[in-house]
Amino acid sequence: MIDNILLALPLLFSFEVMLWMVVGTVVGVVIGGLPGLSTTMGIAVLIPLTFTMTPLAALGMIAGIYNGAMYGGAIPAILLRIPGTPAGIATVFDGHPMALQGHGRQALKIALYSSVIGGVVSAISLLLLAPPLAKVALKFGSAEVFWLAMLGLTTIAVVLSSNAVKGLLSACFGLVIGLIGIDQMTGNERFTLNYIHLTGGIGILVLLTGLYAIPPAIDLAAKALLIKAEDLKRGNTGSDESLPWRRLVPTWAKSSTIGVLVGIVPGAGGNIASLLAWSEARRSAKDPDRFGKGAPEGVAAAECANNADNASALIPALTLGIPGNAVAAVILGGLLVHGLQPGPALFRDSAPVTYGFMLSMLVTSILLLIVGSLGARLFISVLRLPALLLAPMIIGMTYLGIYSIGNSLFDVAMVTAIGIVGYAMEKMDIPLAPAVLAVILGPMAETELRRSLLISQGDYGFLFSSPISLVLVALILVMLLSPLVKKLIKRKASPLMPKDLASQYNND
Amino acid sequence: MISRKASAELVTAIVLMALSLLGLSFVWHYPDASRIMPVAIMITATVLSAIWALQLLLSGRLHIQERPTIDRAVLRRLVVIFASLFLMLLGISTIGFFSTYVVLVPATAWFLGYRNPKGLAIGTAIFCAGLYLVFQVLLNRPLPREVWMLGS
């Protein structure tokens, strides 16, 4: 592991990679700061720009966007009571009251420091845990890899959806998209409808930008969020107060641990991490009544946990191809765009880039401290950008980005069509991430299935012949039955939120 | 009166079931080596959409009384943004990216309700200049010729 880190370091600290990490971090904070824009959208829109970059520069930029956006979401959460990202919900609870009480600047500072600490702890966990896990996964044979891909799909489909059926249908949609084109093994056309443009298949980038860039742009236009200039002044309220370190340090320790653990669990996401960390901080406080009324530890817990979720969500994603959240699924798509097949083989076949990417999660977390401190005022003023002007700009940028990759207007038309389908899916609460993951894992699963059948001369029993396969099949069954457990947990978890906020966000 | 969202979901589930069955009839005739996954996917999708439809029918959501709550302003903005999606697509294929954006970005924002001429002008200028700088100057990507370049 040390050897691989040493190999990756010179690549990581090259001028090009450093530059794009800074750019990614700045862009990430801006995207996270704008209500209605998500991390997934930011990465999806900007991936076409990375096409001409070296893989590590591209991945460094993506790491910057990921970490930056998670902190950026705290800015509108604190100043406007609108979380910029779903993971910023718990930041609202204490962040906004702090801003109303004239401590806006302190709240933003706590959010920044907490995000940096959470990000650093998470990146270190990724560096320590991913390589040994990949080593184990590398021992898997074709049948095990097939079941692993199926487990990944089932997990993300079941966990990311309120209704497992919808999640699984989304995965089926992605699997069909992934199969469109000429079958590489037999040369047969599949799902092409005899349309020549479809024989080459639909690229992962077309799917990513269609699903993640167009629906938010439509939503942004429909909701027409208006931000009052006086609300933004709260970011400058309060003098340069010192931080209550004694209360914050234990909160950071607990919240970063919670964030890392939640991140590893596929599908849980930063919003769950921050809610759990916030409720734990309140539960363990001597005076829990302060929480929800402007407690600095509340902001620290939420922001530390949601950033601690970032890199750790990549642990199952990079090693097993099972993303911890929707952003990790999009990042897997980003890897594919740069010729890197997600899964344990990454650590063997592309070690310098893979380790470089993991290190870039650490470096961008630290860069966030510099970028966030120097650009605080700029990031607040970004909230002045009119949503109604941003919506057509996002569409324009998406179209240009996707065209620039394949010089194909057909791709642009496909992005539009997939975008409209994605918008309809969102309106019907059908998660998008399973579709993306299915496009990534589907072809891999099919190849491994065929290989297994070839080895066993068509005997399907071979798929169930090893103990690892049986464990994976059992896990798939557990996953399929888990919605019942989820319902029970949800009943217990809902009181974590103050009542008014729970009603506001549960209705979304 | 029935719940609009639930009935839309029911229609979607039925359409998906029909499409999956149709797909199954196609993929069934694929050669052996190419059909394992497509057949499995189509059968799964058929079963899942049937379960989805059944869930909706049994949930009682279809019979919830719901007053029509169409926000005309939201509907108007949706029409504008959907129209802009198609107009942009049409524009870039005929008059080029930047010519389309110079016209359609401010026009869309205007029709969506952003009526600040100075903001529109500055925003559009920065947006187009930024894209030109990145895609033409920095990345040097070949783009369709702009309408004002055709004579040159």
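Since the structure is predicted, the reported quantities are computational estimates derived from the model, not experimental observations.

What counts, and where the lines are drawn
- Residues numbered from 1 in each chain as written.
- Chains lettered and ligands numbered in written order.
- Predicted model: local features only at pLDDT ≥ 70, side-chain atom pairs only at ≥ 80, totals over all residues.
- Heavy atoms only, no water.
- Helix = DSSP H or I, 4+ residues; strand = E, 2+ residues; numbered from the N terminus.
- Rg over C-alpha atoms; globule rule 2.2 N^0.38 Å.
- Buried < 20%, exposed > 50% of the residue type's maximum accessible area, 1.4 Å probe, protein only.
- Lys, Arg positive; Asp, Glu negative; His and termini not counted.
- Charge placed at Lys NZ, Arg CZ, Asp CG, Glu CD.
- Core = buried A, V, L, I, M, F, W, Y, C linked by side-chain atoms within 4.5 Å.
- Contact = heavy atoms within 4.5 Å.
- Salt bridge = Lys/Arg side-chain N within 4 Å of Asp/Glu carboxyl O.
- pLDDT = per-residue confidence, 0-100.
- Phe/Tyr/Trp six-rings, centres within 6.5 Å; stacked < 30°, edge-to-face > 60°.
- Lys NZ or Arg CZ within 6 Å of the ring centre and 35° of its normal.
- Buried area = accessible area lost by both parts, 1.4 Å probe.
- Axes fitted to C-alpha atoms, helices over the stretch in contact; angles between N-to-C directions.
- Parallel < 35°, antiparallel > 145°, perpendicular 65-115°, else oblique.
- Nonpolar A, V, L, I, M, F, W, Y, C, P; charged D, E, K, R; others polar.
- Expected span 1.5 Å × (residues − 1).
- Patch = residues over 30% accessible without salt bridge, like charges linked within 9 Å, V, L, I, M, F, W, Y side chains within 5 Å.
- Areas by Shrake-Rupley, 256 points an atom, 1.4 Å probe, with all protein chains shown as cover.

Scanning chain A from N- to C-terminus turns up 24 helices and two strands. For 508 residues, the compact-globule estimate of 2.2 N^0.38 gives 23 Å, and chain A sits close to it at 22 Å. By its C-alpha atoms, chain A is 75 × 50 × 45 Å across when sized along the principal axes. Within chain A, the proportion of its 508 residues that are buried is 63%. Averaging the positions of the 31 positive and the 26 negative side-chain charges in chain A gives two centres separated by 9 Å.

In this section: the nonpolar core. The biggest cluster of nonpolar side chains holds 178 residues, and the ones touching the most others in it are A:Leu126, A:Tyr212, A:Leu314, A:Leu318, A:Tyr399, B:Phe97 and B:Tyr101. The leading source of residues in this core is helix 10 (residues 204-223) of chain A, at 14 residues. Non-local contacts of B:Tyr101, meaning those with residues more than four positions away in its chain, are made with A:Gly396, A:Tyr399, A:Leu400, B:Met88, B:Ile92, B:Pro106, B:Thr124, B:Phe127, B:Cys128 and B:Leu131. A:Ala111, A:Val116, A:Ala300 and A:Leu368 belong to the second-largest nonpolar core, a separate cluster that totals 26 residues.

Before going further, it helps to examine the pattern of salt bridges. Considering all chains together, one arrives at 13 salt bridges over all chains under this definition. The residue A:Lys166 makes a salt bridge to B:Glu9 at a minimum N-O spacing of 3.2 Å. On the criterion of chain membership, the pair formed by A:Lys166 in helix 9 (residues 164-179) and B:Glu9 in helix 1 (residues 4-27) is interchain, its members lying in two chains. Each member of the pair A:Lys166 and B:Glu9 is classed as buried. For A:Asp287, the salt bridge is made with A:Arg290, and the minimal N-O distance between the two is 2.8 Å. Connected via shared salt-bridge partners are A:Asp183, A:Arg190, A:Glu446 and A:Arg450.

Residue and element names in this part refer to chain A. Looking at chain A, pLDDT values average 85 and 92% of them are 70 or higher. Least confident of the elements in chain A is helix 24 (residues 499-506), whose mean pLDDT is 48; most confident is helix 21 (residues 409-427), at 93. Under a pLDDT of 50 for its full length, residues 502-508 has, in the predicted model, seven contacts with residues more than four places off or in other chains.

Within this structure, the stated rule accounts for 14 aromatic pairs over all chains. Pairing A:Phe347 with A:Tyr355 gives two aromatic rings, centres 6.0 Å apart and planes at 85°, and the pair type is edge-to-face. The rings of A:Tyr403, B:Phe97, B:Tyr101 and B:Phe127 are connected pair by pair, giving a single aromatic cluster. We note B:Arg35 situated over the ring of B:Trp28; from NZ or CZ to the ring centre the distance is 4.8 Å.

Next up on the list: the confidence of the model for chain B. All names here are of chain B. Overall, the predicted model of chain B reaches an average pLDDT of 87, with 90% of residues at or above 70. Per-element confidence in chain B is highest for helix 4 (residues 97-112), whose mean pLDDT is 94, and lowest for helix 5 (residues 117-138), whose mean pLDDT is 90. What the predictor reports for the complex is a pTM of 0.82 with an ipTM of 0.91.

Here the focus is unusual backbone geometry. When glycine is set aside, most residues are seen to have a negative phi, and most peptide bonds are trans. All names here are of chain A. Unusually for a residue other than glycine, phenylalanine 191 sits at a positive phi of about 55°. Looking at where phenylalanine 191 falls in the secondary structure, it is placed in the loop between strand 2 (189-190) and helix 10. Classification of phenylalanine 191 as buried rests on a relative accessible area of 15%. Phi at leucine 193 takes a positive value of approximately 55°, unusual for a residue other than glycine. Following the sequence through the fold, leucine 193 ends up in the loop between strand 2 and helix 10. Overall, leucine 193 belongs to the exposed group, its relative accessible area being 74%.

Counting residues at the interface gives 57 residues for chain A and 56 residues for chain B. Across the chain A to chain B interface the summed buried area is about 4,700 Å²; carbon plus sulfur atoms make up 80%. Among the residues chain A hides against chain B, the three largest losses belong to A:Leu169, A:Leu388 and A:Leu400. Together they make up 13% of the total. Here chain A and chain B share one salt bridge between them.

All names here are of chain B. Contact geometry of helix 3 (residues 72-94) with helix 4 gives a least axis separation of 10 Å together with a crossing angle of 175°. Classed by the angle they form, the pair helix 3 and helix 4 counts as roughly antiparallel. On helix 4, the residues touching Arg76, Arg77, Val80, Ile81, Ser84, Leu87, Met88, Gly91 and Ile92 of helix 3 are Phe97, Thr100, Tyr101, Leu104, Val105, Thr108, Phe111 and Leu112. Split by residue class, the contact of helix 3 with helix 4 holds eleven nonpolar, four polar and two charged.

Residue and element names in this part refer to chain A. The end-to-end C-alpha distance of helix 9, which contains 16 residues, comes to 23 Å, matching closely the 22 Å that a straight helix rising 1.5 Å per residue would cover. With 14 of 16 residues buried, helix 9 is to be regarded as a mostly interior element. Phi turns positive, to about 120°, at glycine 181, one or two residues after helix 9.

With that settled, consider helix 1 of chain B. One full turn of an α-helix is made of 3.6 residues, so residues set three or four places apart face in the same direction. For helix 1 of chain B, spanning 24 residues, the distance from its first C-alpha to its last is 34 Å, which sits close to the expected 34 Å at 1.5 Å a residue. Residues of helix 1 of chain B that are buried include every one of B:Ala6, B:Ser7, B:Glu9, B:Leu10, B:Ala13, B:Ser20, B:Gly23, B:Leu24 and B:Val27, and no others. In the core, the buried residues of helix 1 of chain B are packed alongside helix 9 of chain A together with helix 2 (32-59) of chain B.

All names here are of chain A. Together, Met1, Ile2, Leu6, Ile124, Leu128 and Leu129 make up an exposed nonpolar region whose accessible area comes to about 570 Å². Elements with a minimum of two residues in the nonpolar patch: helix 1 (2-12) and helix 7 (104-137). Among the structural elements, leucine 6 can be located in helix 1.

Packed helices, taken two at a time, are described by the angle their axes make and the gap between the axes. One way to put it is that helix 21 of chain A packs onto helix 3 of chain B with a least axis distance of 9 Å and a crossing angle of 170°. As judged from the angle between their axes, helix 21 of chain A and helix 3 of chain B are roughly antiparallel. In this structure, helix 21 of chain A uses A:Leu409, A:Val412, A:Ala413, A:Thr416, A:Ile420 and A:Tyr423 to contact helix 3 of chain B, whose residues at the interface are B:Leu78, B:Phe82, B:Leu85, B:Phe86, B:Leu89, B:Ile92 and B:Ser93. Tallied by class, residues from the contact of helix 21 of chain A with helix 3 of chain B come to eleven nonpolar, two polar and no charged.

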